[in-house]
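Results of the structural survey
Each chain is listed here by its residues.
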Amino acid sequence: MLTALDFAKTHRAKIVVIYEPLTNRRQHFIKNDYKDCFEGAAKLYWLPTYLAREDSTLPLLSPEQLIPFLSNAHIAEPAKLDDQFVTTVKQHLSQGDMVVAMGASGGGSLDEWLRKHFT
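To start, this report covers the structure provided alongside it.

Thoughts on the overall build of the chain
Across its full length, the chain holds five helices and four strands. For the chain, the N- to C-terminal ordering of α and β elements is α-β-α-β-α-β-α-β-α. Here the C-alpha coordinates of the chain stretch approximately 45 × 30 × 30 Å along the principal axes. Counting only residues that meet the buried cut, the chain has 36% of its 119 residues in that class.

Describing the packing of aromatic side chains
One pass over the full model with this rule turns up eight aromatic pairs. Measuring from ring centre to ring centre gives 6.0 Å for F38 and W46, while their planes differ by 65°; the resulting arrangement is edge-to-face. Given a relative accessible area of 5%, F38 falls into the buried group. In this structure W46 comes out as buried when scored by relative accessible area, which is 0%.

Brief notes about the pattern of salt bridges
Two side chains that carry opposite charge are able to pair once their charged atoms sit near each other. Applying the stated criterion across every chain, the model contains three salt bridges. For E77, the salt bridge goes to K43, with nearest N and O atoms at 2.6 Å. Placement of E77 in strand β3 (residues 76–78) and of K43 in strand β2 (residues 43–46) is noted, with a sequence separation of 34 residues between them. Since its relative accessible area comes to 33%, E77 is described here as partly exposed. Residue D111 is joined to R115 by a salt bridge in which the shortest nitrogen-to-oxygen separation is 3.2 Å. Taken together, the positions of D111 and R115, both in helix α5 (residues 110–117) and four residues apart, correspond to about one turn of that helix. Taking the relative accessible area as the measure of exposure, D111 reaches 25% and is therefore partly exposed.

A few points about the sheet that holds β2
Taken in spatial order, the four strands make up an open sheet running β3-β2-β1-β4, and their pairing is parallel. Edge positions in the sheet fall to β3 and β4 (98–102), since each has one partner strand and no second. In this sheet, adjacent strand axes meet at a mean angle of 20° when their direction is disregarded. Pairing of strand β1 (residues 15–19) with β2 involves four bridges; the strand directions are parallel. From the neighbouring strand, V17 faces β2, where its bridge partner is L44. Each of β1, β2 and β4 touches helix α4 (residues 83–94); the most contacted strand, β2, lies at about 160° to it.

Description of unusual backbone geometry
The phi dihedral of T23 is positive, around 65°, even though this residue is not glycine. The residue T23 is located in the loop between β1 and α2 (24–30) in this model. Judged by its relative accessible area of 2%, T23 falls in the buried class. Although it is not a glycine, R53 sits at a positive phi angle of roughly 50°. Residue position: R53 is located in the loop between β2 and α3 (63–66). Take R53: its relative accessible area is 63%, and that puts it in the exposed class.

Analysis parameters
Within any chain, residue numbers begin from 1 and follow the written order of that chain's sequence. Since the coordinates come from a predicted model, pLDDT governs what is reported: local features require at least 70, and pairs of side-chain atoms require 80 or more to be given and counted, while whole-chain, interface and lining totals use all residues. The side-chain quantities take in all heavy atoms of the structure and omit both hydrogens and water. Numbering of helices and strands starts at the N terminus; helices are DSSP runs of H or I of at least 4 residues and strands are runs of E of at least 2. Buried residues are those whose accessible area, probed at 1.4 Å on protein chains only, stays under 20% of the maximum for their type, while exposed residues exceed 50% and partly exposed ones sit between those limits. Working definition: a ring pair exists when centres of Phe, Tyr or Trp rings (six-membered ring for Trp) sit within 6.5 Å. Plane angles under 30 degrees give stacked, over 60 give edge-to-face, the rest tilted. In the sections that follow, a salt bridge refers to a side-chain nitrogen of Lys or Arg positioned within 4 Å of a carboxyl oxygen of Asp or Glu. We call two strands paired when DSSP finds no fewer than two bridges between them. Note on geometry: axes are lines fitted to C-alpha atoms, helical ones only across the stretch in contact, with angles between N-to-C directions running from 0 to 180 degrees. The contact rule is simple, with two residues in contact once any of their heavy atoms fall within 4.5 Å.

As structure tokens, then:
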């Protein structure tokens with residue numbers, strides 16, 4: 001099976017990842033496991049966590065607090081779903097980059113935002 005990384009290498013495309021974690025509770029549990037999750041990506045845009053069924057006693061972890069858990073943190077930057085980010089994503093697409101979105105689904109999520117701006 002051809003992976004996104006294989007496809008990108010074959011087509012000389014950079015892989016750009018947009019990542020929206022799901023639940024702050026989960027981020028506290030898995031943050032140490034992020035180390036090599038985005039290996040092979042040229043750029044990573046880390047969105048705020050999609051909040052659902054949260055434990056109000058846990059502090060909210062921001063992208064700035066989670067990115068340092070990556071072994072390749074230099075490729076990552078915090079992002080927000082706003083008009084400026086629409087422009088950023090369009091620039092990547094116009095350059096032939098492969099943009100891979102990984103996120104939650106529901107009201108106000110990355111999925112909803114992408115459908116609004118890129119269909």
